[in-house]
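Fold and contact review
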Amino acid sequence: MFLQILNNSLDAFDPSGNGQQKTVRIDASRHGGTVKVLISDNGQGFADPKRAFDPFFTTKSPRSGIGMGLSVCYAIVRDHGGEITAHNQHPHGAALVIELPLKAPSFAPETKDNVVTY
Ligand SMILES: Nc1ncnc2c1ncn2[C@@H]1O[C@H](COP(=O)(O)OP(=O)(O)O)[C@@H](O)[C@H]1O
Ligand SMILES: [Mg+2]
């Protein structure tokens, strides 16, 4: 999940650079029983943050993306009982906020003797 998000940040940077420093910021904090991870960049920002998690939604050329990355991230976070949201920052840049419960929900797969059961 984090690789998908970080690769999206790399894709979002202006290739010409324009002399601007490319920055990805990762921040993690604990709030009671929840871990909050904020991943933000100073790239171009979301063209449409509301659609970012839609399956097959992409603004990239067919060679660079098929639009499944954030949709899979959404499913992973949901299956762990958490939430993921997409935002634009000012003056520009994208941010993803992931909130996960420290305690796994009861429907999460269990691992015993290296066997995963659902
Ligand atoms: N960090 C980001 N900055 C700007 N736009 C983003 C960022 N991450 C995702 N997006 C937008 O969300 C769309 C969907 O992302 P994703 O599901 O990972 O698919 P893909 O990377 O294959 O296009 C991207 O095509 C892009 O428009
Ligand atoms: Mg992607």
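Residues numbered from 1 in each chain as written. Chains lettered and ligands numbered in written order. Predicted model: local features only at pLDDT ≥ 70, side-chain atom pairs only at ≥ 80, totals over all residues.

1. As for the sheet that holds strand E2 (residues 34-41)
Here 4 strands make up an open sheet; going across it, the order is E1-E2-E4-E3 and the pairing antiparallel. Unpaired on one side and paired on the other, strand E1 (24-31) and strand E3 (83-88) mark the two borders of the sheet. Shown here is a sheet whose adjacent strand axes are inclined to one another by a mean of 15°, direction ignored. Judged from the 8 bridges that link them, E1 and E2 form a sheet pairing that is antiparallel. Bridging from a neighbouring strand, Ile26 pairs with Ile39 of E2. (Pairing = 2+ DSSP bridges. Helix = DSSP H or I, 4+ residues; strand = E, 2+ residues; numbered from the N terminus. Axes fitted to C-alpha atoms, helices over the stretch in contact; angles between N-to-C directions.)

2. Observations concerning unusual backbone geometry
With omega at 0°, the peptide bond leading from His90 into Pro91 counts as cis. Of note, Pro91 is situated in the loop between E3 and strand E4 (94-101). One non-glycine residue with positive phi stands out, namely Phe56, at about 70°. Mapped onto the fold, Phe56 is located in the loop between E2 and helix H2 (69-79). The exposure class of Phe56 is exposed, given the 9 C-beta atoms found within 10 Å. (Buried ≥ 20, exposed ≤ 12 C-beta atoms within 10 Å, placed from the backbone.)

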